[in-house]
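Survey of secondary and tertiary structure
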Amino acid sequence: LVGRIVFSTIHSNTTIGTVARLIDMNIEHSLIAYALNGVMSTRLVKKNCPSCKIEYEPSIEYLREFGLEQGQQRFWRGKGCAVCQGTGYSGRTGIFEVLELDNTFRAMIIDRASMADLEAYAVKNGMRTLKEDGLQKVLAGATSLENVAHAV
């Protein structure tokens, strides 16, 4: 509120969960609304090894979890090779959820809107959830559906 940028870590599962966590800490709603500019939630997932990446079909449970149907998309995972020492993975990549607060969102916090309403507003106005960002990386072949499901 005094013109300084502060970066901090707060333990919560999502960006909207961070707002809820601050409220649980008894911070005044107006202070939360005007002190926050943005919140980022991150997870690391294993990257498929590019040397042994093969196409596969995830189980129906994982497909359902992401609202996907069998045979509609191509999925990749590492098989395991000498390059990745048989793991099928080579490094990690991040999946992200970024919430930027606008005046409407701030007003919703001050008016004590539910977390579900805050999330619905944020998604409607362009916020990509961790699950959506992870799915983008899956469909690009960077990681497997199972890795993302376990991370989010």
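Structure's up top.
In what follows, the accompanying structure is described. (Residues numbered from 1 in each chain as written. Predicted model: local features only at pLDDT ≥ 70, side-chain atom pairs only at ≥ 80, totals over all residues. Heavy atoms only, no water.)

To continue, consider the nonpolar core. One finds Val19, Leu36, Leu99, Phe105, Ile109 and Leu118 to be the most contacted residues of the largest nonpolar core, which totals 16 residues. Looking at this core, the elements that each hand over two or more residues are helix H1 (15–24), helix H2 (29–35), helix H4 (103–110) and helix H5 (115–124). Formed by 14 residues, the second largest nonpolar core is a distinct cluster that contains Leu63, Ile95, Leu130 and Val138. (Core = buried A, V, L, I, M, F, W, Y, C linked by side-chain atoms within 4.5 Å. Buried < 20%, exposed > 50% of the residue type's maximum accessible area, 1.4 Å probe, protein only. Helix = DSSP H or I, 4+ residues; strand = E, 2+ residues; numbered from the N terminus.)

Before going further, it helps to spend a moment on the packing of aromatic side chains. Two measures describe an aromatic ring pair: the distance that separates the ring centres and the angle between the ring planes. Under the defined criterion, the tally for this structure stands at one aromatic pair. For lysine 53, the ring lying beneath its charged end belongs to tryptophan 76, and the centroid distance is 5.7 Å. (Phe/Tyr/Trp six-rings, centres within 6.5 Å; stacked < 30°, edge-to-face > 60°. Lys NZ or Arg CZ within 6 Å of the ring centre and 35° of its normal.)

What helix H6 (residues 130–139) keeps buried is the set Leu130, Asp133, Gly134, Leu135, Lys137 and Val138. Contacts from the buried residues of H6 go to strand E1 (38–48), strand E3 (75–78), strand E4 (89–100) and helix H7 (145–151). Glycine 141 sits one or two residues past H6 and shows a positive phi near 85°. (Contact = heavy atoms within 4.5 Å.)

A few words on the pattern of salt bridges. For the coordinates displayed, the defined rule picks out three salt bridges. The salt bridge partner of arginine 74 is glutamate 55, with a shortest N-O separation of 3.1 Å. In this pair, arginine 74 sits in the loop between helix H3 (60–65) and E3 while glutamate 55 sits in strand E2 (residues 53–56), placing the two residues 19 residues apart along the sequence. A salt bridge links aspartate 133 to lysine 137, with the nearest nitrogen and oxygen atoms 3.3 Å apart. Placement of both aspartate 133 and lysine 137 in helix H6 is noted, with a separation of four residues, approximately one turn of the helix. Taken individually, aspartate 133 and lysine 137 each receive the classification buried, so the pair is uniform in this respect. Here the salt bridges share partners, and the residues they tie into one network are Arg128, Asp133 and Lys137. (Salt bridge = Lys/Arg side-chain N within 4 Å of Asp/Glu carboxyl O.)

Okay, the layout of surface pockets next. Volume-wise, the largest pocket comes out at about 960 Å³. The wall of the largest pocket is formed by 31 residues, among which Val6, Phe7, Ser8, Leu36 and Gly38 lie closest to the centre. At the level of secondary structure, the elements contributing two or more residues to the lining of the largest pocket comprise H1, H2, E1 and E4. Examining the composition of the lining of the largest pocket, we find that six residues originate from one element, E1, more than from any other. Split by residue class, the lining of the largest pocket holds 17 nonpolar, 12 polar and two charged. For the second largest pocket, the full set of lining residues is Asn13, Thr14, Arg43, Glu97, Glu119, Thr129, Leu130, Lys131, Ala151 and Val152. Considering only residue class, the lining of the second largest pocket consists of three nonpolar, three polar and four charged. (1 Å grid on protein atoms, 1.4 Å probe; cavity = no way out; pocket = protein on both sides within 12 Å on 5 of 7 lines; lining within 4 Å. Points joined across faces, edges and corners; volume = space filled by probe spheres on them. Nonpolar A, V, L, I, M, F, W, Y, C, P; charged D, E, K, R; others polar.)

This brings us to the environment of isoleucine 60. Its location among the elements puts isoleucine 60 in helix H3. Of the residues examined, isoleucine 60 reaches a relative accessible area of 30% and is grouped as partly exposed.

Now for the packing of H4 against H5. Two numbers describe how H4 lies on H5: the axes approach to 10 Å, and their chain directions differ by 175°. Taken together, the axes of H4 and H5 lie roughly antiparallel to each other. Facing Thr104, Phe105, Met108 and Ile109 of H4, the residues of H5 in contact are Asp117, Leu118, Tyr121 and Ala122. (Axes fitted to C-alpha atoms, helices over the stretch in contact; angles between N-to-C directions. Parallel < 35°, antiparallel > 145°, perpendicular 65-115°, else oblique.)

By themselves these figures say nothing about function.
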